[in-house]
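The chain contents come next:
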Amino acid sequence: MAPVPTPPAQPDDTPGAYVGLAAETAERRARERGWDTVRALPPGTVITMEFRSGRINFEVDGGVVRRCWTG
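Note that this is a predicted model, so its numbers are computed, not measured.

Novice: In this structure, what is going on with the pattern of salt bridges? I would like to understand it.
Specialist: Two side chains with opposite charge may pair up if their charged atoms get near one another. Per the stated rule, a full pass over the model turns up four salt bridges. Here Arg 33 makes a salt bridge to Asp 13, at a shortest N to O gap of 2.9 Å. Here Arg 33 is found in the loop between α1 (23-32) and β1 (37-41), whereas its partner Asp 13 is found in the segment before α1, with 20 residues between them in sequence. Between Glu 27 and Arg 31 there is a salt bridge; the shortest N-O distance is 3.2 Å. Here the residue Glu 27 and the residue Arg 31 both occupy positions in helix α1, the gap between them amounting to four residues, near one helical turn. On the basis of relative accessible area, Arg 31 is assigned to the partly exposed category, the value being 42%.

Pasting the structure below:
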């Protein structure tokens, strides 16, 4: 049986700290902190629920991050 792969470590970051920031500022900060993929989505966007290590997601409304989660 093949071993279970170990995903790479994610940046040590607090997603809640991005809420309320301008989308551009949040994206720049996330990239500086080591996130491989930064995804900005409008509210209500349909997305799949697969977890992807190294990805941070922003729900952006009116140019401001309203919600943030990893994966």
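Still more ground to cover, so stick around.
Novice: What is the right way to read the packing of aromatic side chains from this model?
Specialist: Aromatic rings in a pair are described by how distant their centres are and how their planes are angled relative to each other. One pass over the full model with this rule turns up one aromatic pair. For the ring pair Tyr 18 and Phe 58, a centre distance of 5.2 Å and an interplane angle of 45° mean the geometry is tilted. Of this pair, Tyr 18 sits in the segment before α1 while Phe 58 sits in strand β2 (residues 55-61), and the two are 40 residues apart along the sequence. Both residues of the pair, Tyr 18 and Phe 58, count as buried. Looking at Arg 67, its charged tip hangs above the ring of Trp 69, at a distance of 4.0 Å from the centre.

Novice: What is the right way to read the sheet that holds strand β3 (residues 64-70) from this model?
Specialist: Neighbouring strands of a sheet are bound in pairs by backbone hydrogen bonds; such pairs are parallel or else antiparallel. Read from one edge to the other, the open sheet built from three strands follows the order β1-β2-β3, with strand pairing classed as mixed. Sheet topology places β1 and β3 at the edges, where each strand pairs with a single neighbour. Along the sheet, successive strands turn relative to each other by an average axial angle of 25°, direction set aside. Two strands pair when backbone bridges link them, and β2 and β3 are joined in this way by six bridges, in the antiparallel orientation. Bridge pairing links Glu 59 to Arg 67 in β3. Running at roughly 175° to β2, α1 makes contact with β1, β2 and β3 of the sheet.

Reading guide: rules and limits
- Residues numbered from 1 in each chain as written.
- Predicted model: local features only at pLDDT ≥ 70, side-chain atom pairs only at ≥ 80, totals over all residues.
- Heavy atoms only, no water.
- Salt bridge = Lys/Arg side-chain N within 4 Å of Asp/Glu carboxyl O.
- Helix = DSSP H or I, 4+ residues; strand = E, 2+ residues; numbered from the N terminus.
- Buried < 20%, exposed > 50% of the residue type's maximum accessible area, 1.4 Å probe, protein only.
- Phe/Tyr/Trp six-rings, centres within 6.5 Å; stacked < 30°, edge-to-face > 60°.
- Lys NZ or Arg CZ within 6 Å of the ring centre and 35° of its normal.
- Pairing = 2+ DSSP bridges.
- Axes fitted to C-alpha atoms, helices over the stretch in contact; angles between N-to-C directions.
- Contact = heavy atoms within 4.5 Å.

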